[in-house]
Amino acid sequence: MYYILTRMEFVISFLLAALATWLIVFVPPYEKWVYEKTPAVSQEDIENERHRFPIGYKAGEGIPVARTYDEMRTDEQGLIYFTMEISSNQLIPTGIYTKVEEDGIGEYETNKRKVALYRNRYIYAQFYILTLEDGKKIPILLNDNEMELKKDTVLKLPICQLDARYGLDGYYYYERDCDRSIVENLYGLDNYRRFINAIKDYANGEEMKKFRSNQTTAAIIVFLVVLFGGVTLLFLISKAMGKNNK
């Protein structure tokens, strides 16, 4: 009986430690808090190459505000970095996610449970359909863990840039073996080959790498502390109950 009771104590403590670790280390919106504390990147930072990879970082002074597709590019310079101020009502979620870290770019996922489970290791961004002020529609890739997307919320987007690699059309072409024009017909898009990327560089930046490293360390520490504490507490309780039974 003593051996069985000890094994049960350990199993209970293990499950409690795993649950506590999940609730403490992975459930709170840490990605949002890290994003909010990360310094904004200005146009001067980009021009002076103090920040060479700014997509996904908070937009600082001088970053152009785009409202239409034409304002996202110039004839002289091609694609530009820009930000946007939009209403959450302009966004339609597609339920299609993609992993945006360098070791997983191009991997798509539509199972929200898997996305929720894997988000403790990777950043999954979702494709939304954004309706611009001129009525045109375009896909946009956002990390909805970083911003409030409640109804009637006004959002200032991070630094964005038009992108053509691993977009929404890639999901239908490579994952569904369909003609890419299905994206245009399905969502009523005016330009389906390009999308607005609002996460890429930040997801692979030093801030997120440091956060992931600290998160892993914290998970190990919390798990071991709760496991040891649980085993000790249950052992003391069982020992006290044993004395009382005598």
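Coordinates for the structure precede this section.
First, a word on scope: everything that follows refers to the structure included in this document.

Rules of the game
Per chain, the residues get numbers from 1 upward, laid out in the order the sequence is written. Restriction of local features to residues with pLDDT of at least 70 applies here, the model being predicted, together with a cutoff of 80 or more for giving and counting side-chain atom pairs; totals for whole chains, interfaces and linings are based on all residues. Calculation of side-chain values draws on the structure's entire complement of heavy atoms; hydrogens and water are dropped beforehand. A 1.4 Å probe rolled over the protein chains alone gives each residue an accessible area, and that area as a share of the maximum for its type sets the label: buried under 20%, exposed over 50%, partly exposed in between. Helix and strand labels come from DSSP, where a helix needs a run of H or I of at least four residues and a strand needs a run of E of at least two; each type is numbered from the N terminus. Here, strands pair whenever DSSP counts at least two bridges between them. In protein, a polar contact means a hydrogen-donor-capable atom and an acceptor-capable atom, both N or O and within 3.5 Å, with residues adjacent in sequence counting only if both atoms are side-chain atoms; elsewhere, any N or O pair within 3.5 Å suffices. By the convention used here, residues are in contact when the closest approach between their heavy atoms is within 4.5 Å.

By the criterion of burial, strand β7 (residues 137-142) is predominantly enclosed, with five of the six residues buried. Summarising the sheet, strand β6 (residues 124-131) and β7 pair through six bridges and their orientation is antiparallel. When the sheet's bridge partners are listed, Leu130 is paired in β7 with Ile138. Counted along the chain from β6 to the antiparallel partner β7, the turn is five residues long, and its residue Gly135 has a positive phi close to 90 degrees. Pairing of β7 with strand β10 (residues 195-197) involves two bridges; the strand directions are parallel. Across the sheet, Ile140 pairs through a bridge with Ile196, a residue of β10.

Following the sequence through the fold, Gln126 ends up in strand β6. Looking at Gln126, its side chain comes within polar contact range of the side chain of Tyr97, at 3.2 Å. Within the local environment of Gln126, its side chain forms a polar contact with the side chain of Tyr128, the two groups lying 3.2 Å apart. Leave out the neighbours within four places in its chain, and Gln126 touches Pro93, Thr94, Gly95, Ile96, Tyr97, Ile140, Leu141, Leu142 and Asp144.

Quick look at the sheet that holds β6 now. Strand order in the open sheet formed by six strands is β5-β4-β6-β7-β10-β9, with mixed pairing between adjacent strands. Strands at the two margins of the open sheet, each flanked by one partner only, are β5 (108-109) and β9 (161-163). The pairing of β9 with β10 spans three bridges and is antiparallel. In the strand pairing of β10, Gln161 is matched with Asn197.

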